Amino acid sequence: MLSPSRKGKEKAVDNDVDGFLDINPILTYRHLHAKNPGVRSPFRVVALCDSDAFYAACERVRLKLDPELPLVVQQWDALIAVSYPARKFGISRMDKIRDAKQKCPDLVVVHVATFREGDPEPGYWPNPNTLTHKVSLDHYRRESAKIIAVFKEIIPEAEIEKASIDEAFVDFSIPVRNTLLERYPILAEVPEDLDTPLPPAPAIDWGDLSAVVPVNPEADEAGPSTTPEPAPTWHDVALSIGAELMAKVRKEVLERLGYTMSAGISRNKFLAKLSASYKKPNSQSVLRNAAIPGYLRPMQFRKIRFLGGKLGKALAEEYDASTVGDLHTISLDEMQRKFGEESVWVWEVLRGIDRSEVKEKSVLNKSMLASKNLPRPVTKPSEGIHWLRVLASELALRLHEARETTPGLWPKTIVLHTRRGWQAGRSRQQAFPFSRNLTADVVSSAGEKLWRESVGTDATAPKDMKVTHIMLGFSGIAALGAGQAGIEGFFTNSNSNSTNGEPSDNQGEKCTRCGAQIKPLQELPSDVDDETREAAMVGARLEHEDWHFAKDLARQPPTSSPSPPHSSPKKRKSSSSSDAGNGKVKKRKKEPVGIAKYFAKK
Ligand code: CTP
Ligand code: CA
Ligand code: CA
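Bear in mind that the values here come from a model prediction, so they are computed numbers and not experimental data.

Procedures and definitions
Residues numbered from 1 in each chain as written. Chains lettered and ligands numbered in written order. Predicted model: local features only at pLDDT ≥ 70, side-chain atom pairs only at ≥ 80, totals over all residues. Heavy atoms only, no water. Pairing = 2+ DSSP bridges. Helix = DSSP H or I, 4+ residues; strand = E, 2+ residues; numbered from the N terminus. Salt bridge = Lys/Arg side-chain N within 4 Å of Asp/Glu carboxyl O. Axes fitted to C-alpha atoms, helices over the stretch in contact; angles between N-to-C directions. Parallel < 35°, antiparallel > 145°, perpendicular 65-115°, else oblique. Left-handed = near helix turned anticlockwise from the far one by under 90°. Contact = heavy atoms within 4.5 Å. Nonpolar A, V, L, I, M, F, W, Y, C, P; charged D, E, K, R; others polar. Donors = N, O, S within 2.8 Å, 3.2 Å for Na, K, Ca; no water. Buried < 20%, exposed > 50% of the residue type's maximum accessible area, 1.4 Å probe, protein only. Tetrahedral: all angles 85-135°; square planar, octahedral: opposite > 155°, others 65-115°.

S.K.: Would you take a moment to explain the sheet that holds strand E10 (residues 261–266) for this structure?
M.R.: Backbone hydrogen bonds are what pair the strands of a sheet, in a parallel or an antiparallel way. The strand order E7-E8-E1-E10-E11-E9 describes an open sheet built from 6 strands, whose pairing is mixed. Each having just a single partner strand, strand E7 (159–164) and strand E9 (211–212) make up the two edges of the open sheet. Note that E9 and strand E11 (residues 284–286) share 2 bridges and pair parallel. Bridged to Val 212 within E11 is Val 286.

S.K.: I'm lost on the pattern of salt bridges in this one. Help?
M.R.: One side chain can pair with another of opposite charge once the charged atoms of both are near each other. On inspection of all chains with the given rule, the structure shows 29 salt bridges. Here Arg 30 makes a salt bridge to Asp 195, at a shortest N to O gap of 2.8 Å. Here the residue Arg 30 occupies a position in helix H1 (residues 29–33), and Asp 195 occupies one in the loop between helix H7 (185–188) and E9, the gap between them amounting to 165 residues. Across the pair Glu 448 and Arg 389 runs a salt bridge, and its minimum N-O distance is 3.4 Å.

S.K.: Hey, could you run me through the packing of helix H6 (residues 173–183) against helix H9 (residues 234–257) in this one?
M.R.: The relative placement of two packed helices comes down to the angle between their axes together with the axis-to-axis distance. Interhelical geometry of H6 versus H9 gives an angle of 110 degrees and a closest axis separation of 9 Å. If you check the angle between H6 and H9, you find them roughly perpendicular. Remark: the crossing between H6 and H9 carries right-handed chirality. For the pair H6 and H9, contact is made by Pro 175, Val 176, Thr 179, Leu 180 and Arg 183 and by Trp 234, Val 237, Ala 238, Ile 241, Gly 242, Glu 244 and Leu 245, respectively. Here the residues of the contact of H6 with H9 sort into 8 nonpolar, 2 polar and 2 charged.

S.K.: So what exactly am I meant to see when it comes to the coordination of the calcium ion (ligand 3) here?
M.R.: For a metal with four tetrahedral donors the ideal donor-metal-donor angle is 109.5 degrees, while six octahedral donors give ideal angles of 90 or 180 degrees. Taken together, Asp 50 (OD), Asp 166 (OD) and Glu 167 (OE) make up the protein donors of the calcium ion (ligand 3), found 2.2 to 2.5 Å from the metal. Counting along the primary sequence, the residues that act as donors to the calcium ion (ligand 3) give the motif D-x115-D-E. The calcium ion (ligand 2) is placed at 3.6 Å from the calcium ion (ligand 3), the two being bridged by Asp 50. Within this pair, whereas Asp 50 is found in strand E1 (residues 46–51), its partner Glu 167 is found in strand E8 (residues 167–171), the two being separated by 117 residues in sequence. Each member of the pair, Asp 50 as well as Glu 167, carries the same accessibility label: buried.

S.K.: What exactly am I supposed to notice about the coordination of the calcium ion (ligand 2) here?
M.R.: Only Asp 50 (OD), Ser 51 (O) and Asp 166 (OD) from the protein coordinate the calcium ion (ligand 2), and they sit 2.0 to 2.3 Å from it. Bound by 6 donor atoms, the calcium ion (ligand 2) shows angles of 78 to 170 degrees at the metal and therefore octahedral coordination geometry. Between consecutive donors of the calcium ion (ligand 2), the numbers of intervening residues give the motif D-S-x114-D. Look at Asp 50 and you get buried, because its relative accessible area is 13%. Residue Ser 51 is classed as buried on the basis of its relative accessible area, which comes to 2%.

S.K.: What should I look at first to understand the environment of Ala 290 in this one?
M.R.: Checked against the element boundaries, Ala 290 lands in the loop between E11 and helix H11 (292–296). Residue classification places Ala 290 among the buried residues on the basis of a relative accessible area of 16%. In this structure the C-alpha to C-alpha distance between Ala 290 and Thr 233, which are 57 residues apart in sequence, comes to 9.5 Å.

Set out below in structure tokens:
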């Protein structure tokens, strides 16, 4: 049932079930002239820009191929990227190479670059083999950095947050406000009472720059639109200026680097991301406030990030619901009674509310991980040394590259994580002492020491040992010799680990998948410095992820292949690269907290 999207202001939030309360605010001079348009500003303009078929585009540009050629990127016998021309042949990432070639005999197939032991750099080898090679995504990382550099050059006043290897959020609020005041001098004449509503907004010519999401998509599908267009608001004008800026950046990236991108422009990160896929490729879409209810209501809520897993499943079962609209009948009170206080974020996200900030994440204090799933498990510790060396050279190379932009970077800690067949994963870490030359050998010998302590030697390890996954990583990466300002920035940044923008306490952070509190492996003193805390958290996050991995496996029918842990919706605050593959771990007990408690009761 579709209820009117705007309700009277007199209704209290928690009694209102439909709850699209804030989509038509009265915009005043105070809103427009606020010194810092924060996450609650009704003038926010946020975009998400995602590169089209990114790895395929990187290979196409590297090989200087015609953009119209059907091309796929291969990793072992799977496809990891499919160009849009190849998609026209019905090829998708699900296909095996052989099937893809059958669908399109002229398909250009490029295998992703790989590392071999002993090589300082990855390469494009004729017959890479998962038993001896390890995937390298370095080329794609470098191209990604070039794209971000263009963003920063073209829109220096916007805040840019890299969200993954091929996407970035952009907060246009400040440059958009500047343009509004320039173009519409009447807005710059501030009346005595700042709370005076702004004059009516002018009509907007959207041109062919953007696809504009309609207010009533269902009615429009049925025939020529009978829905009267709502009067434009100043926020719509703001979105149209954001769209102009986005189009300009996309054009520059295409001209200079050869990549097409698709973008979504709306009032927050959640809606920007959702609308980015409205029209692809090489397109951008605008989701105005008035179009939010019509866009969200028919959507399958389990497609929403963080609602895809067991929380989404529980919501579906509890309320016999599948679309976002179905859940609009559930009041905030009711939801919180069943799913805990913190489920307010679910209630809000279903109404297009998201107050998370767009904020550039510093390279400092991050972790850097390299991992390999072992199709042929390691059964003797000495066999694993080969993989440690491969992972060590990848880490050394990546740290060297990171130093090109931030000189003097050095990790505080090195971590080794292994998973053994049916057993739970285990982590071991130690301080990574500074040495003048960062070579793969230095990293490798630190890794080997951890390996001997954790896995053992051929003489000490259990006979039936089977290591199915190895991860070597750096954590607490900081710039040595950075000035005081840098160090302070580093301390303030490192406390905001949680993805929902909620602060984490000193002893842990919340899992975005199940809401459980992830605690450091060992109790930390209350005045612990943030580097040590971050180092302790890396192992804890991996263990928690392993636990999810085990639960996911347990849920899957035996015939389907398990999803690798890196595809879980939880984003670790790190950049990792990992080969997809199989692994099995035993379930482990954890005390449930928050939303997880709900599941424990069932
Ligand atoms: N990727 C991957 N494994 C996944 C998802 C993505 O290796 N499970 C890689 C893809 O190879 C891709 C890049 O990450 O090129 C970005 O992913 P995504 O944006 O989801 O897909 P694209 O290939 O860029 O295609 P689209 O145009 O639909 O964004
Ligand atoms: Ca993409
Ligand atoms: Ca993407």
